[in-house]
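Here is what each chain is made of, one letter per residue.
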Amino acid sequence: MIELANARIVDPLHPSNGKIDSLFIQQDRFVAGSSKLCSQRIDLQGAWVLAGGIDIHTHIGGGKVNLARMLMAKVLSPEERTVWPTIQTGQMYASMGYTACFEPAMLLSGARHTHLELCDTPLLDHGAYVVLGNEDWLLEALGTQRCDDAALATLVAWSIQASRALAVKVVNPGGISAFKFDQRVLDVDTPHCRYGVTPREVIRRLSAAIDQLGLAHPLHLHASNLGMPGNIQATLQSLQATEGHRVHLTHAQFNSYTDQGPMGMGSGAELLAVYVNSHPNVTLDVGQVMFGQTVTISADAMAQFRNLQHARPNRSLVSDFECQAGCGVVPIRYQDKQYTHSLQWTIGLELMLLVEDPWRIFLTTDHPNGGPFTGYPHLIRLLMDRTFRLAMLERLHPAVRERTLLRELTREYTLDEIAIVTRAAPAKILGLNGLGSLNAGCLASLAAYHPEADWESTFSQAMVVYKLGQPIIQQGQVVDWHAPCYGWRADIGYDSDQLAGWADAIQQTLRMPVGSLEITEHQAELLGRSGEMISRSERAV
């Protein structure tokens, strides 16, 4: 047994929260221990100790990430790149105190590739969300009303099991498919030009099916009209489409724009926050914009096609995966003097400060779309230090400075709230039993931080990081590349008789056996052995 003595506990779920106390680790878990029983004692000298960080939405694996790596390799210097190789990604996350990250856009046909990359990313627990809502077989069934609730639940459950996914994401419901048929915009109540189904119906049916199956994570929604002025109305309509079922709005900043303002675009953050505060079925992650060079990656081919004109440097691609999902890679350089970019920066912060319940909002940059995850320490300082936030505001476009709510918002996040939005709340909404807390019985993943002159410096580099009871980072250096990691997935059963009709439709569309999309138990075991750096095993929720 190991004793971590003189730890200043930062965990709202822990009985010693805010106090200096000892933590005890036996094998891979925290336990209720005693100094007398310990074979090793480590003095943390009053360092702040939080559970290992959890990133609920970060694009770090799969085909689109590799396309971004290749596209940017020759046009950006190593210092400007924001999509890194797997080993570097794991090391950079771990050095900040993160021990679990989740890829939010995994295609059925690309699931093996995604898992292979995640397995090759050291030091991090991981999982992925399977993308549904634009497949020909699904849209045709919904449009012709030949799909009852039981049949849809079967398709969703099979998709999760086949791809070993943790959750379900829908990207621009029906819109990626409509784009193939030259339909360039698909509003929430606009019928698909081929199948007749609306995004409202896709959202309503999928959110209900996920609740029916009892998945821990609600429907992970990338709403319609991403990035377009006035899209706040489509966003609110999309949330209403769930009819009370749980929904998680992802990278909400990109869907929070009014059509009012000096350049026909303004902040809809207050409208969205008012809705979220009064609807407990809704959660969101923010997708904060950080100034500087990055590259945007999205399955929303419709949105990325619109964004091609903004590519900086001028190098981009839009592609398709077996005509069932899209992919767009567009580099961008966010500039603090540019009106739209300044507005996006303020909207993300407004959302984080206006949504009242820290258990229902999550700190993300939608890596790398709003900026790289390496900007998290800076974002934490913006949330915790109003004086710094206002100083940064003075650098922005003057029209944005005049209209933003940030001057009026006096809220500063507390350490407890940072622990919630980056640890406890992600673990809860994803159903990661044993993560996100320092309590006895939880998995022993933690990060200790030495107080520095400001919050950004404090959270930029963890003093020590433990992963499943083993030290992996000490004074900024990786000390154990081979630390065990979990691949988290949902374990959902389905009626195999109900699958037969879906199997025929899938095979007719893809011209391949439906079994070729299924990752078997044996294949999953082989995937776990594929990463050179890690020992990976699956953990079902």
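Below is a summary of the structure that appears in this document.

Conventions adopted
- Residues numbered from 1 in each chain as written.
- Predicted model: local features only at pLDDT ≥ 70, side-chain atom pairs only at ≥ 80, totals over all residues.
- Heavy atoms only, no water.
- Phe/Tyr/Trp six-rings, centres within 6.5 Å; stacked < 30°, edge-to-face > 60°.
- Helix = DSSP H or I, 4+ residues; strand = E, 2+ residues; numbered from the N terminus.
- Buried < 20%, exposed > 50% of the residue type's maximum accessible area, 1.4 Å probe, protein only.
- Lys NZ or Arg CZ within 6 Å of the ring centre and 35° of its normal.
- 1 Å grid on protein atoms, 1.4 Å probe; cavity = no way out; pocket = protein on both sides within 12 Å on 5 of 7 lines; lining within 4 Å.
- Points joined across faces, edges and corners; volume = space filled by probe spheres on them.
- Nonpolar A, V, L, I, M, F, W, Y, C, P; charged D, E, K, R; others polar.
- Pairing = 2+ DSSP bridges.

The subject of this paragraph is the packing of aromatic side chains. Counted by the stated rule, this structure contains 11 aromatic pairs. Ring plane angle 45° and centroid distance 5.7 Å describe the contact between Y98 and Y376, whose orientation is recorded as tilted. In this pair, Y98 sits in strand β7 (residues 98-106) while Y376 sits in helix α12 (residues 376-384), placing the two residues 278 residues apart along the sequence. The pair Y98 / Y376 is uniform in exposure class, with both members buried. Among the aromatic residues, those joined into a ring-pair cluster are W84, Y93, Y98, F373 and Y376. Cation over ring: R381 sits above F388, and NZ or CZ is 3.7 Å from the ring centre. Looking at R423, its charged tip hangs above the ring of Y98, at a distance of 5.7 Å from the centre.

What follows is about empty space enclosed by the protein. Per the stated rule, a full pass over the model turns up 4 cavities of 30 Å³ or more. Lining the largest cavity, in full, are L107, L108, S109, V131, E135, W137, F321, E322, Q324, A325, L510 and L517. For the lining of the largest cavity, the class distribution of residues is 8 nonpolar, 2 polar and 2 charged. Put simply, the second largest cavity is a space of about 50 Å³. Lining the second largest cavity are M96, Y98, Y376, P377, I380, R423, Y449 and F459. The dominant element in the lining of the second largest cavity, judged by the number of residues it contributes, is α12, at 3 residues. Residue classes in the lining of the second largest cavity are distributed as 7 nonpolar, no polar and 1 charged.

Another aspect to go through is helix α2 (residues 86-95). Of all the 10 residues making up α2, 7 are buried; the element is thus mostly covered by neighbouring parts of the structure. Considered for burial, the residues of α2 that qualify are T86, T89, G90, M92, Y93, A94 and S95. Backbone geometry just after α2 places G97 at a positive phi near 100°.

Looking now at the pairing of strand β5 (residues 48-51). On β5, burial covers both faces: W48 and L50 on one face and V49 and A51 on the other are all buried. As paired strands, β5 and strand β19 (residues 446-449) are joined by 4 bridges and run antiparallel to one another. Its bridge partner being in β19, A51 is matched across the sheet by L446.

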